[in-house]
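# Observations on chain architecture
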Amino acid sequence: VSAHVPDINTLGTALIVALFLKEIVVGLVVGYLVSLPFHAAEGAGRLADTARGANMSEVLVPQSGATSSPLGDLSLQLTIVLFLAMDGHLLFLNALATSYEALPVLGFPSVAGVHNAGALAVFATSHLILATLGLAAPVLAAIFLTDLSLGLINRVSPQIQVFFLGMPAKALIGVLAFMLALTGIVLALRAELGLALAQVARLFELSASKLRAAVAEWKDGRFEAERWVDDDGVELNAPVRVHVVVE
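Calculation rules
Residues numbered from 1 in each chain as written. Predicted model: local features only at pLDDT ≥ 70, side-chain atom pairs only at ≥ 80, totals over all residues. Heavy atoms only, no water. Helix = DSSP H or I, 4+ residues; strand = E, 2+ residues; numbered from the N terminus. Expected span 1.5 Å × (residues − 1). Bend = angle between axes of the 7 residues up to and from the residue. Buried < 20%, exposed > 50% of the residue type's maximum accessible area, 1.4 Å probe, protein only. Contact = heavy atoms within 4.5 Å. pLDDT = per-residue confidence, 0-100. Lys, Arg positive; Asp, Glu negative; His and termini not counted. Salt bridge = Lys/Arg side-chain N within 4 Å of Asp/Glu carboxyl O. Patch = residues over 30% accessible without salt bridge, like charges linked within 9 Å, V, L, I, M, F, W, Y side chains within 5 Å. Areas by Shrake-Rupley, 256 points an atom, 1.4 Å probe, with all protein chains shown as cover. Axes fitted to C-alpha atoms, helices over the stretch in contact; angles between N-to-C directions. Parallel < 35°, antiparallel > 145°, perpendicular 65-115°, else oblique. Left-handed = near helix turned anticlockwise from the far one by under 90°. Nonpolar A, V, L, I, M, F, W, Y, C, P; charged D, E, K, R; others polar. Phe/Tyr/Trp six-rings, centres within 6.5 Å; stacked < 30°, edge-to-face > 60°.

This paragraph deals with helix α5 (residues 162-180). Because the α-helix completes a turn every 3.6 residues, residues three or four places apart line up on one side. For α5, with 19 residues, the first-to-last C-alpha span of 25 Å sits near the 27 Å given by 1.5 Å per residue. Approximately 25 degrees is the largest bend angle found in α5, and it occurs at Pro-168. Looking only at α5, the buried set comprises Val-162, Gly-166, Lys-170, Gly-174, Ala-177 and Phe-178. Among the structural elements, α1 (13-51), α2 (70-85), α4 (111-156) and α6 (182-203) are those in contact with the buried residues of α5.

In structure tokens, the structure reads:
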């Protein structure tokens, strides 16, 4: 069986625009899901810098041209290195190629597919917040204990200028906590990258799995349906009879 690709001139302007918009939306959804671990890493670094009082420091992110905090940029660069080290770019390209098998260029997603994609995007966004807090947790815990200790010192000896003495101490302790927890952060980032790529693959499996489940609920028997289409894309204005039998 050989596949025939219709001439683009026979598709019509409206259909071509709709297909173009569909490809843009699919690309945005796939890119959004894969970018979440990078946003989580940068967000965790920014949160850690805010806790240690270094959020006013800004450094340039070479990949985007935007600015970030020191630990935010460090976490982002670390995530990029891990992504390339685990062949994430190849897995992403493979998932992108698979998307054309699950959703052909001339096809549109079903209502169930759109619903599943929206639900998956909402879940991924909520997980982004949890991942950001989890990655920043070691630094936040260290800064909290430091603030608690400084508060106790201030209660014992009010003459000590705890606020001014605590600023460099918190900045140093935050960096030390980040370095001590670096191994765990790397493992967490690897897990987040793997989860993001798995979500992209799952995005194109949901519609197919729901379709298989719906077909599995059919009772045994013979089902027939007959419809007419305007043409076959080759010979215009020549209706084609389509008769389908499922047993």
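For the chain, the average pLDDT comes to 80, and 88% of its residues sit at 70 or higher. Confidence, expressed as mean pLDDT per element, reaches its minimum in the chain at helix α7 (residues 206-216) with 62 and its maximum at α2 with 90. With pLDDT under 50 throughout, residues 1-5 is counted as low confidence; its partners more than four residues away or in other chains account for 1 contact.

If you check the backbone angles, Asp-87 has positive phi at about 55 degrees while not being a glycine. Note on placement: Asp-87 falls in the loop between α2 and α3 (88-102). The partly exposed category is assigned to Asp-87, whose relative accessible area is 38%.

On to the side chain of Glu-192, then. Positionally, Glu-192 belongs in helix α6. Of the buried charged residues, Glu-192 lacks a salt bridge, with Arg-190 as the closest side chain of opposite charge at 12 Å. Not counting the four nearest positions on each side in its chain, Glu-192 is found in contact with Pro-37, His-127 and Ala-131.

A word on the environment of Thr-79. Mapped onto the elements, Thr-79 comes out in helix α2. Residues Thr-79 and Ala-40, 39 residues apart in the sequence, show an inter-C-alpha distance of 9.7 Å. With near-sequence residues (within four places) excluded, Thr-79 lies in contact with Pro-37, Phe-38, Ala-41, Leu-189 and Leu-193.

A surface patch of nonpolar side chains, about 540 Å² in accessible area, is lined by Leu-90, Leu-93, Leu-96, Tyr-100, Val-105 and Leu-106. Here Leu-96 shows up in helix α3. Using a relative accessible area of 30% as the deciding quantity, one classes Leu-96 as partly exposed.

At a closest axis distance of 9 Å, the pairing of α4 and α5 adopts a crossing angle of 155 degrees. Taken together, α4 and α5 sit at an angle that is classed as roughly antiparallel. As α4 packs across α5, the resulting crossing turns out to be right-handed. Mapping the contact onto sequence places Pro-138, Val-139, Ala-142, Ile-143, Thr-146, Asp-147, Leu-150, Ile-153 and Asn-154 in α4 and Val-162, Gly-166, Lys-170, Ile-173, Gly-174, Ala-177 and Phe-178 in α5. Residue composition of the contact of α4 with α5, by class: 10 nonpolar, 4 polar and 2 charged.

Time to look at the packing of aromatic side chains. According to the stated counting rule, one finds 1 aromatic pair in the structure shown. Each ring, one from Phe-38 and one from Phe-83, has its centre 5.4 Å from the other, and the planes form 70 degrees; the classification is edge-to-face. Of this pair, Phe-38 sits in helix α1 while Phe-83 is found in helix α2, placing the two residues 45 residues apart along the sequence. We classify Phe-38 as buried; its relative accessible area is 16%. By relative accessible area, Phe-83 is classed as buried at 11%.

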